[in-house]
Amino acid sequence: MDKTKSFFLWLLSVYLGNVPKYDIDIESVDWDDLLNLSMLNSVQGIIYKTLTNLKIETPIDNKLKECCLATASVAITQEYWGNRVIKIFNEYGIKHTLIKGFVIKDYYTAKEDRTFGDIDILITEEDREKSHNALTSIGFKREEYLSGKNVWTYIKGSVSLEIHTSIIYQDLGRKFDYVNYFKEKAKNAECIYGYTYELKKEDHLLYVLTHIAKHFGSVGVGIRMIMDIAVFYNKFVNEINFEYIKHELRAINLYNFAQSMFYVCNKYFNTTIPCEISELNCEDEVMCYILNHGVFGTENKDVAAIIYRKNGQDKLMKRILANVFPDYEQLKKSKVWFAECPKYMLPYGWIRRLVEKLIIKECRQNLSSRVKGVLLDSEDVDIHKRITKAVGL
């Protein structure tokens, strides 16, 4: 790992208040690369604030400051509309559980430092139509081409909501039923007030780790997702039952993976999470992979590549067919307009899906991504397999 990446990780650790020793010559830092890493991992505000607090002047100060102000503005808008949704759900009597970024942001030094794309909220299937009516009453519009059986996406201006009826709904390929496991955990969510709930702290950390594993196994993850673990642990180190977490991680087949993530937090963020491994296989390659692949692995994200990696498909035509003609269950899950269609209407689903991809801008971009994935170099797949094996997946 080069000196710029090491300095980048050190700055994140300083922000967390866990300052390890640092002996890299700042003159050797490539500031353009640092800016790129900051933007790629969506931590521009954190890097700017940390550099400012350390009184380190850089050629990228103005650009980082612009990004910091922009993310703060977005955060204010998201906070307002997130709270507005919570209010309207309470007015409608809709039980809802807050998850992911909208909760975790409160654990950071400043809420705006933890950026996120969507506001994620879990509801029951019985309240789906009621929640739809509540959201449309305050101006949100459901985006059908982004909505599937388990997640309906709503947009209002720059704010995006994902309203879930299940917080895990994909097969992670770990020979475990994560869908029903987390449905049970959601039933034990704690009431914050009225109809607003949050997962128990231990269960939320388990969910965060599972969510990271899901991303790692498909499109990869960025350092911010792992940073969430460190922030979570620092915030609740004296409150959470870590023996329970270790027991559950073994039960859900993610213990080895979690150990790898804890190792990364301890080494690079100077945390003290109980960890049983003293080294990480292919560590330098793993860290570079994480830092270079964007906050959600988006630099490496195309659905065709995911299918290729998971299924090990090595023939071009198989990969093309798997993406152009998804099977019945896959289409039901991914498209809300097909969720109730009988199986004989599968050809209609393929045609409508293709039309969407040709006429809707975002879908055209996704189609382009799929084409890239179909033509994916096998070397990229080999690297991904090597990395996931190294982290226990």
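Being a predicted model, the structure only gives us computed values, none of them experimental.

A.B. asks: Just give me the short version of helix H3 (residues 44–53), but keep the residues and values in it.
C.D. replies: Because an α-helix packs 3.6 residues into every turn, residues spaced three or four apart end up facing the same way. Here H3 lies mainly inside the structure; seven of its ten residues are buried. Within H3, burial applies to Gln 44, Gly 45, Ile 46, Ile 47, Tyr 48, Thr 50 and Leu 51. In the core, the buried residues of H3 are packed alongside helix H1 (3–16), helix H2 (31–40), helix H4 (61–91) and helix H9 (223–236). Lys 55 sits one or two positions beyond H3 and adopts a positive phi of about 60°.

A.B. asks: Let's hear about the side chain of Asp 127: which residues, and what values?
C.D. replies: Mapped onto the elements, Asp 127 comes out in the loop between strand E2 (119–122) and helix H6 (128–137). Beyond its immediate stretch of four places on either side in the chain, Asp 127 contacts Ile 94 and Lys 95.

A.B. asks: Would you mind going over the sheet that holds strand E3 (residues 141–142) in detail, with residue names and values included?
C.D. replies: Each strand in a sheet pairs with another by means of backbone hydrogen bonds, the pair being arranged parallel or else antiparallel. Here seven strands make up an open sheet; going across it, the order is E3-E4-E5-E2-E1-E7-E6 and the pairing mixed. The open sheet has two free edges, formed respectively by E3 and strand E6 (190–193), since each of these has just one partner strand. For E3 and strand E4 (residues 151–156), the ladder comprises two bridges, and the chain directions are antiparallel. Note that in E4 the partner of Arg 142 across the bridge is Tyr 154. Together, E3, E4 and strand E5 (159–164) form the strand contacts of H6, whose direction differs from that of E4 by roughly 5°.

A.B. asks: Describe the pairing of E2, listing the residues and the values that go with them.
C.D. replies: Burial of E2 is two-sided: the residues Ile 119 and Ile 121 facing one way and the residues Asp 120 and Leu 122 facing the other way are all buried. For strand E1 (residues 96–98) and E2, the ladder comprises two bridges, and the chain directions are antiparallel. Residue pairing in the sheet places Thr 97 in a bridge with Leu 122 of E2. Here E2 pairs with E5 via four bridges, running parallel. Counterpart to Leu 122 in the pairing with E5 is His 164.

A.B. asks: Got a sec to walk through helix H12 (residues 283–292)? Specific residues and values, please.
C.D. replies: Counting buried residues along H12, seven of its ten residues qualify, which places the element largely inside the surrounding structure. Looking only at H12, the buried set comprises Glu 283, Val 286, Met 287, Cys 288, Tyr 289, Ile 290 and Leu 291. Positive phi appears at Gly 294, one or two residues downstream of H12, with a value of about 80°.

A.B. asks: Could you give an account of the packing of H2 against H3, with specific residues and numbers?
C.D. replies: The description of two packed helices rests on the angle between their axes and on the distance between the axes. The N-to-C vectors of H2 and H3 enclose an angle of 135°; their axes lie 7 Å apart at closest approach. Considered as vectors, H2 and H3 are oriented oblique to each other. On the side of H2, the interface is formed by Leu 34, Ser 38 and Met 39, while H3 contributes Gln 44, Ile 47 and Leu 51. Partitioning the contact of H2 with H3 into residue classes produces four nonpolar, two polar and no charged.

A.B. asks: If you had to explain the packing of H4 against H6 to someone new, which residues and values would you point to?
C.D. replies: The contact between H4 and H6 brings their axes to 10 Å, and the two run at 130°. Here H6 runs oblique to H4, going by the angle between their axes. Here H4 and H6 pass one another in a crossing that is right-handed. Each of Val 85, Ile 88 and Phe 89 in H4 lies in contact with H6, whose residues at this interface are Ser 131, Ala 134, Leu 135 and Ser 137.

Rules and cut-offs
- Position numbers for residues count from 1 along each chain, tracking the sequence in the order it is written.
- Given that this is a predicted model, residues contribute local features only at a pLDDT of at least 70 and side-chain atom pairs are listed and counted only at 80 or more, while totals for whole chains, interfaces and linings are drawn from all residues.
- The side-chain figures draw on all heavy atoms in the structure; neither hydrogens nor water molecules are used.
- Only protein chains enter the accessibility calculation, which uses a 1.4 Å probe; a residue is then buried when its area is under 20% of its type maximum, exposed when over 50%, and partly exposed in between.
- Where helices and strands are cited, they refer to DSSP runs of H or I of at least four residues and of E of at least two residues respectively, numbered from the N terminus.
- Residues are treated as being in contact if the distance between any of their heavy atoms lies within 4.5 Å.
- The criterion for strand pairing is that DSSP finds at least two bridges linking the strands in question.
- Axis lines are fitted through C-alpha atoms, for helices just across the contact stretch, and the angle between N-to-C directions can take any value from 0 to 180 degrees.
- Working definition: roughly parallel below 35 degrees, roughly antiparallel above 145 degrees, roughly perpendicular at 65 to 115 degrees, and oblique for all remaining angles.
- Residues are grouped as follows: Ala, Val, Leu, Ile, Met, Phe, Trp, Tyr, Cys and Pro are nonpolar; Asp, Glu, Lys and Arg are charged; every other residue, Gly included, is polar.
- Two helices cross in a left-handed way if the nearer one is turned anticlockwise from the farther one by less than a right angle. They cross in a right-handed way if the turn is clockwise.

Shape is all these values report; function is a separate question.
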